[in-house]
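Chains, contacts and geometry: an overview
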Amino acid sequence: MNIVVIGAGYVGLTAACCLANAGHRVTCIENNESKLKLLNQGISPIQEKGIDQLLKQGLASGKLSFVSSLPKPIETDTVIMITVGTPSLPSGAADLSSIYQVAAELKNAIQYPLILIMKSTVPPGTGVKLVQRYFENTPISYVANPEFLREERAIEDWYHPSRIVIGAADNKIAEKVRQLYSDIDAPVIITDITSAETIKYAANAFLVTKISFINEIANLCETMSANIDDVAKGIGLDTRIGPDFLRAGLGYGGSCFPKDARALDFAALNKGYDLRLLKVTIEVNTKQRILAVHKLKQLLGGLAGKEIALLGLAFKPDTDDIRESPSIDIAYLLYEEGAKLRVYDPTAMQNARPLLPSEVTFATDIYSATVGANAIILVTEWQEFIHADWQTIKKQMNQPYLILDGRNALAQDKLMALGFKYVGVGRRL
Ligand code: UGA
């Protein structure tokens, strides 16, 4: 099949590379000139495990190419896949301007039957609206086909998805889209467009609710002297609950969960329904960051003039993405309280630098970040932090040798035996 993928972010680029690898002829559109240049040289502008190899393979085979605008004319039997971003507007609503722009362009460019697949995350109801506004009486068949890829595991998730969701007004069209994934073994759900869109948002809403739930229980554990590690294990073994997404800590960040939670909340309110559970979930997530700073303040007897090492800026390990990362809010709160802040992250320093106050020191590794520190706050659970030489770190720190393990990732007993004052999130002391 001929496929045109519009947008080369982590979803678009993953889709383009994997579809080319499956033998389709894929043209991927990226309008950012510097990114386009890199892509054509076989260099991925995003950090994604396995992408470089697939990218080079695709270019070498001639199956994959990158251009800056829609090919003209678009060949017959082409499938168009939209993977542009839908960031948050200040109101919390999803910004669909890129989607509208692409829709307007396609409406004028297409003369014969063609399938248009929406992979971008768009609020329930968007597809039907787009069809009414742009594609009625055109030969375009619109399909909602949301993705469930995780950053840094996008390729693995592409080939081993928990499900494939296809929302279409016509079953024959849905079947054609299903063929795109013939190399993938996964349950397929075929439904209508709005239900497919809702599945995407409901999945993310459920996952963030699970995270905020376990964080609330962790906070409760602190007041009851219970241990969240045991509690999470104890409830996760119930197959109706499941063990995943029960890691208590500083809460969720990233380019998807926060904006999708806000967008669903907004879309529901716009239709007259108040998603109260989701609102509280968002509030708990924000509170979790603030609580961590309060904890540090209390344990240090104030933050002014205190030397604090902040470890981890990325919203999760193995990525350089700092979008909506708890690290940024926490760094600001500490800075405002007068703490002297040194930060370190294996890959996200460059991205974080413009977002942090100029007084923040960017260290070159975990050891230089922690010299003279009164306290460490671990924000991202990178393996290199977990396996650091904590004995050496302890020796070069100052009283009270405090570690606030914001991800419950470090070996509490070992650190306490080394003389650290260890505090986790809901971990019994
Ligand atoms: C998330 C979803 O996992 C994907 O299924 C979805 O496709 C994607 O959003 C999207 O909508 O595009 P991602 O943002 O890459 O993927 O991140 P996750 O690995 O799911 O983690 C998100 C955040 O939740 C991280 O900040 C992580 O630290 C936090 N988290 C996760 C917890 O605090 N506790 C947990 O138990 C799990």
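Residues numbered from 1 in each chain as written. Predicted model: local features only at pLDDT ≥ 70, side-chain atom pairs only at ≥ 80, totals over all residues. Heavy atoms only, no water.

**Observations regarding the pairing of strand E3 (residues 64–67)**
What you see with E3 is a clean split: Leu64 and Phe66 sit on the buried side and Ser65 and Val67 on the side with no burial. Of the strand pairs in this sheet, strand E2 (residues 25–29) and E3 are connected by four bridges, and their pairing is parallel. Looking at E3, one finds that isoleucine 29 is bridged to valine 67. (Buried < 20%, exposed > 50% of the residue type's maximum accessible area, 1.4 Å probe, protein only. Helix = DSSP H or I, 4+ residues; strand = E, 2+ residues; numbered from the N terminus. Pairing = 2+ DSSP bridges.)

**Thoughts on the environment of arginine 289**
Checked against the element boundaries, arginine 289 lands in helix H11 (residues 276–300). Put simply, arginine 289 and valine 67 are 222 residues apart on the chain and 41 Å apart in space, counted from C-alpha to C-alpha. Contact partners of arginine 289, with chain neighbours within four places excluded, come to Leu250, Tyr252, Gly253, Glu324, Ser325, Pro326, Asp329 and Ile330. (Contact = heavy atoms within 4.5 Å.)

**Some remarks on helix H10 (residues 257–270)**
For H10, with 14 residues, the first-to-last C-alpha span of 20 Å sits near the 20 Å given by 1.5 Å per residue. Extensive coverage of H10 is indicated by the burial of 10 of its 14 residues. Looking at H10, one finds that the buried residues are Phe257, Pro258, Lys259, Asp260, Ala261, Ala263, Leu264, Asp265, Ala267 and Ala268. Where H10 is buried, its residues touch helix H8 (193–224) and H11. Directly beyond the C-terminal end of H10, a positive phi value near 90° is found at glycine 272. (Expected span 1.5 Å × (residues − 1).)

**A word on the nonpolar core**
Ranked by internal contacts, the top residues of the largest apolar core, which has 50 residues, are Leu296, Ile308, Leu310, Leu313, Leu334, Ile377 and Trp390. Once residues lying within four places of it in the same chain are set aside, the contact partners of leucine 313 are Ile322, Ser325, Ser327, Val343, Tyr344, Asp345, Ala348, Met349, Ala352, Leu356, Phe362 and Thr380. Counting residues in hydrophobic clusters, the runner-up holds 40 residues, among them Cys17, Val26, Met81 and Val177. (Core = buried A, V, L, I, M, F, W, Y, C linked by side-chain atoms within 4.5 Å.)

**Looking at the site of the ligand**
Among the 21 residues in the neighbourhood of the ligand, the closest are listed as Leu149, Glu151, Lys200, Asn204 and Cys256. Between glutamate 147 and the ligand, the recorded distance is 3.3 Å, taken from a side-chain N or O atom to an oxygen atom. A distance of 2.7 Å is found between an oxygen atom of the ligand and a side-chain nitrogen or oxygen belonging to lysine 200. For the ligand, whose free accessible area comes to 720 Å², the fraction covered by protein is 94%. At the level of secondary structure, the elements contributing two or more residues to the shell around the ligand comprise H8 and H10. In terms of residue count, H8 provides more of the shell around the ligand than any other element does, three residues in total. (Near = heavy atom within 4 Å. Polar contact = N/O pair within 3.5 Å; in protein donor to acceptor, adjacent residues only side chain to side chain. Areas by Shrake-Rupley, 256 points an atom, 1.4 Å probe, with all protein chains shown as cover.)

**Quick notes on the domain arrangement of the chain**
On domain assignment, one finds that the chain holds domain 1 (2–191) and domain 2 (257–423). Between domain 1 and domain 2, the C-alpha centre-to-centre distance is 35 Å. On the domain 2 side, the residues contacting the 14 residues of domain 1 number 15 residues. Linking domain 1 to domain 2 there are zero salt bridges. Between the two partners, domain 1 and domain 2, sit five residue pairs in polar contact (both at pLDDT 80 or more). In terms of residue class, the side of domain 1 that touches domain 2 is made up of five nonpolar, six polar and three charged. (Domains from an automatic or database assignment. Salt bridge = Lys/Arg side-chain N within 4 Å of Asp/Glu carboxyl O. Nonpolar A, V, L, I, M, F, W, Y, C, P; charged D, E, K, R; others polar.)

**What to know about the sheet that holds strand E6 (residues 140–144)**
Within the open sheet, the eight strands sit side by side as E3-E2-E1-E4-E5-E6-E7-E8. Their pairing is mixed. Across the chains shown, the open sheet's two edge strands, defined by having one partner strand only, are E3 and strand E8 (188–191). Geometrically, the sheet is characterised by an average inter-axis angle of 25° between neighbouring strands, direction not taken into account. Pairing between strand E1 (residues 2–6) and E2: five bridges, direction parallel. Across the sheet, residue asparagine 2 finds its bridge partner in E2, namely arginine 25. In this fold H8 packs onto E6, strand E7 (164–168) and E8, with an angle of close to 145° to the strand it touches most, E7. (Axes fitted to C-alpha atoms, helices over the stretch in contact; angles between N-to-C directions.)

**Considerations on unusual backbone geometry**
Here the residue pair lysine 72 and proline 73 is connected by a cis peptide bond, since its omega of -5° sits within 30 degrees of zero. By secondary structure assignment, the location of proline 73 is in the loop between E3 and strand E4 (78–82). A cis amide bond links glutamine 399 to the next residue, proline 400, at an omega of 0°. By the secondary structure assignment, proline 400 is in the loop between helix H16 (390–396) and strand E13 (402–405). Backbone geometry at serine 225 places phi at a positive 60°, although glycine is not the residue there. Under the relative-accessibility criterion, serine 225 is labelled exposed at 51%.

**Some thoughts on the sheet that holds strand E9 (residues 307–311)**
Spatially, six strands are ordered E11-E10-E9-E12-E13-E14 in an open sheet, and the strand pairing comes out parallel. Across the chains shown, the open sheet's two edge strands, defined by having one partner strand only, are strand E11 (361–362) and strand E14 (421–423). Where E9 lies against strand E12 (residues 375–378), four bridges are found, and the strand directions are parallel. Bridging from a neighbouring strand, leucine 310 pairs with isoleucine 377 of E12. The sheet contacts of H11 involve E9, E12, E13 and E14, and relative to E13 the element is tilted by about 165°.

**Considering the packing of aromatic side chains**
What the rule picks out here adds up to eight aromatic pairs. Ring geometry for tyrosine 344 against phenylalanine 385: centres 6.0 Å apart, planes inclined by 65°, an arrangement best described as edge-to-face. Here the residue tyrosine 344 occupies a position in strand E10 (residues 340–344), and phenylalanine 385 occupies one in helix H15 (residues 383–386), the gap between them amounting to 41 residues. Exposure class is identical for tyrosine 344 and phenylalanine 385. Each is buried. When the centroid spacing of 5.9 Å and the interplanar angle of 80° are considered together, the rings of tryptophan 390 and phenylalanine 420 count as edge-to-face. Of this pair, tryptophan 390 sits in helix H16 while phenylalanine 420 sits in the loop between helix H17 (412–417) and E14, and the two are 30 residues apart along the sequence. Phenylalanine 420 shares its class with tryptophan 390; the two are buried. Ring pairing ties together the aromatic residues Tyr100, Tyr134 and Phe135, which thus form one cluster. Lysine 394 extends its terminal NZ or CZ atom over the ring of tyrosine 401, reaching a point 4.0 Å from the ring centre. (Phe/Tyr/Trp six-rings, centres within 6.5 Å; stacked < 30°, edge-to-face > 60°. Lys NZ or Arg CZ within 6 Å of the ring centre and 35° of its normal.)

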